[in-house]
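# A structural walkthrough
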Amino acid sequence: MDRSLTIPISNETIRSLHTGDEVLLNGMIVTGRDAAHKWLHDRFISGKTEPDQDDLAIYSKLRSLLDESIIYHCGPVVSGLETCDYHFVSAGPTTSSREEPYQGDILRHFNLKGVLGKGGMGEKTLHACQETPAVYFHAVGGAAALIAQRVVRVLDVFKLEFGVPEAMWVIEVSDLPAVVTMDAHGSSLHQVIEERSRRELGRLIIKS
């Protein structure tokens, strides 16, 4: 039976989750892909680039929005751009591994409780999930239109100059289905599957 989670999510709730748990996400989350992760990391974490006043204004809002929330690796298709009456037409997950250089630091800095995406992430993110704590939620790939139906409304958007897919969309979701595949206890289903696949490949090579 799917477990309903309401955002913001407490540390206690996060630590109660384990890999394989099926959940329904409810509440406010923020989308972010490559451009957003690099911008957040370079300007506010590593100090590689000096933020301007507009950056700082957005950062102030994001500190509150991301606290105990979830960042969603998603490049949506959005209607209503001309009138600002935004509506998600497509909201499927994008491959999360591209954000591995940044994700751990962003989890810690913003006190995020989860990452939503597809394909899983690496050791740096897994360690950050243990420390923050946080989990990785795996969304269903190939179901972009169905996931969009779980987006109740668009609350705001930041960095639209990055382009619609790369902008940071603040959305409210209702019963968005996901599976915990990396938890706060150091377990990763992605690692388990990779190791099993490697052993099976070795067995097949020896057999041939």
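As a reminder, the structure under discussion sits directly above these lines.
My aim in this report is to walk through the structure given alongside it, one point at a time. (Residues numbered from 1 in each chain as written. Predicted model: local features only at pLDDT ≥ 70, side-chain atom pairs only at ≥ 80, totals over all residues. Heavy atoms only, no water.)

## With respect to helix α4 (residues 100-110)
Counted only if it meets this: Partly exposed residues are those whose accessible area sits between 20% and 50% of the maximum for their type, while under 20% is buried and over 50% is exposed, using a 1.4 Å probe and protein chains only. Per the convention used, a helix needs a DSSP run of H or I reaching at least four residues, while a strand needs a run of E reaching at least two, with both numbered from the N terminus.
Along α4, the residues classified as buried are E100, Y102, Q103, G104, I106, L107 and F110. In the segment just after α4, N111 is the residue with positive phi, at about 55°.

## Comments concerning the packing of α4 against helix α5 (residues 123-131)
Cut-off, in case you're wondering: Think of each axis as a best-fit line through the C-alpha atoms, taken over the contacting stretch in the case of a helix, with angles from 0 to 180 degrees between the N-to-C directions. These descriptions rest on fixed angle ranges, namely under 35 degrees for roughly parallel, over 145 for roughly antiparallel, 65 to 115 for roughly perpendicular, and the rest for oblique. In this description, contact between two residues means that some pair of their heavy atoms is separated by no more than 4.5 Å. We call Asp, Glu, Lys and Arg charged. Ala, Val, Leu, Ile, Met, Phe, Trp, Tyr, Cys and Pro are nonpolar, and the rest, Gly among them, are polar.
With their axes 8 Å apart at the nearest point, α4 and α5 run at an angle of 10° to one another. The orientation of α4 relative to α5 falls into the category roughly parallel. Between α4 and α5, the residues in contact are E100, P101, Q103, G104, L107 and R108 and E123, K124, T125, H127, A128, C129 and E131, respectively. Here the residues of the contact of α4 with α5 are counted per class, giving four nonpolar, four polar and five charged.

## Details of the pattern of salt bridges
The test is simple: Here, a salt bridge means any side-chain nitrogen of Lys or Arg that lies within 4 Å of a carboxyl oxygen of Asp or Glu.
One pass over the full model with this rule turns up nine salt bridges. As a salt-bridge pair, K38 and D42 come within 2.6 Å of each other at their nearest N and O atoms. With K38 and D42 both in helix α2 (residues 34-44) and four residues apart, this pair spans about one turn of that helix. Judged by its relative accessible area of 37%, K38 falls in the partly exposed class. Between D55 and R43 there is a salt bridge, with the nearest N and O atoms lying 2.8 Å from each other. Of this pair, D55 sits in helix α3 (residues 53-66) while R43 sits in helix α2, and the two are twelve residues apart along the sequence. For D55, a relative accessible area of 3% corresponds to the buried category. Within the structure, one salt-bridge network assembled from shared partners comprises R43, D55, K159 and E161.

## Overview of the side chain of S69
Among the structural elements, S69 can be located in the loop between α3 and β3 (70-72). Its relative accessible area of 1% is what places S69 among the buried residues. Every residue in contact with S69, bar those within four places of it in the chain, is listed here: I7, M28, I29, L112, K113 and G114.

## Thoughts on α3
Defined as follows: To estimate the expected span of a helix, subtract one from its residue number and multiply by 1.5 Å. By arc we mean the arc of the directions from the helix axis to the C-beta atoms, nothing more. A 3.5 Å cut-off defines polar contacts: any pair of N or O atoms within that distance qualifies, except that in protein one atom must be a possible hydrogen donor and the other a possible acceptor, and neighbouring residues in sequence count only when both atoms are side-chain atoms.
With 14 residues, α3 extends 20 Å between its outermost C-alpha atoms, agreeing within 8% with the 20 Å of an ideal straight helix rising 1.5 Å per residue. The set of residues buried in α3 consists of D55, I58, Y59, L62 and L66. Seen along its axis, α3 keeps its buried residues to an arc of 110°; they face one direction. More than 90 degrees from the buried face of α3, the exposed residues found are Q53 and S64. In this fold, the buried residues of α3 make contact with β2 (22-31), α2, α4, β8 (151-158) and β9 (168-182). Capping of α3 at its N-terminal end is provided by D52; its side-chain oxygen lies 3.1 Å from the backbone amide nitrogen of D54.

## Overview of the environment of Y86
By the secondary structure assignment, Y86 is in the loop between β4 (77-79) and β5 (87-90). Distance in space between the C-alpha atoms of Y86 and V157 is 9.5 Å, their sequence separation being 71 residues.

## Here we look at unusual backbone geometry
With omega at 10°, the peptide bond leading from I7 into P8 counts as cis. Position of P8 among the secondary structure elements: in the loop between β1 (3-6) and α1 (11-15). In this structure, E68 is a non-glycine residue whose phi angle is positive, near 60°. Position of E68 relative to the elements: it lies in the loop between α3 and β3. The phi torsion at N111 lies on the positive side, around 55°, for a residue other than glycine. Looking at where N111 falls in the secondary structure, it is placed in the loop between α4 and β6 (114-117).

Note that every value here comes from positions in space, so none of it alone points to a role or purpose.
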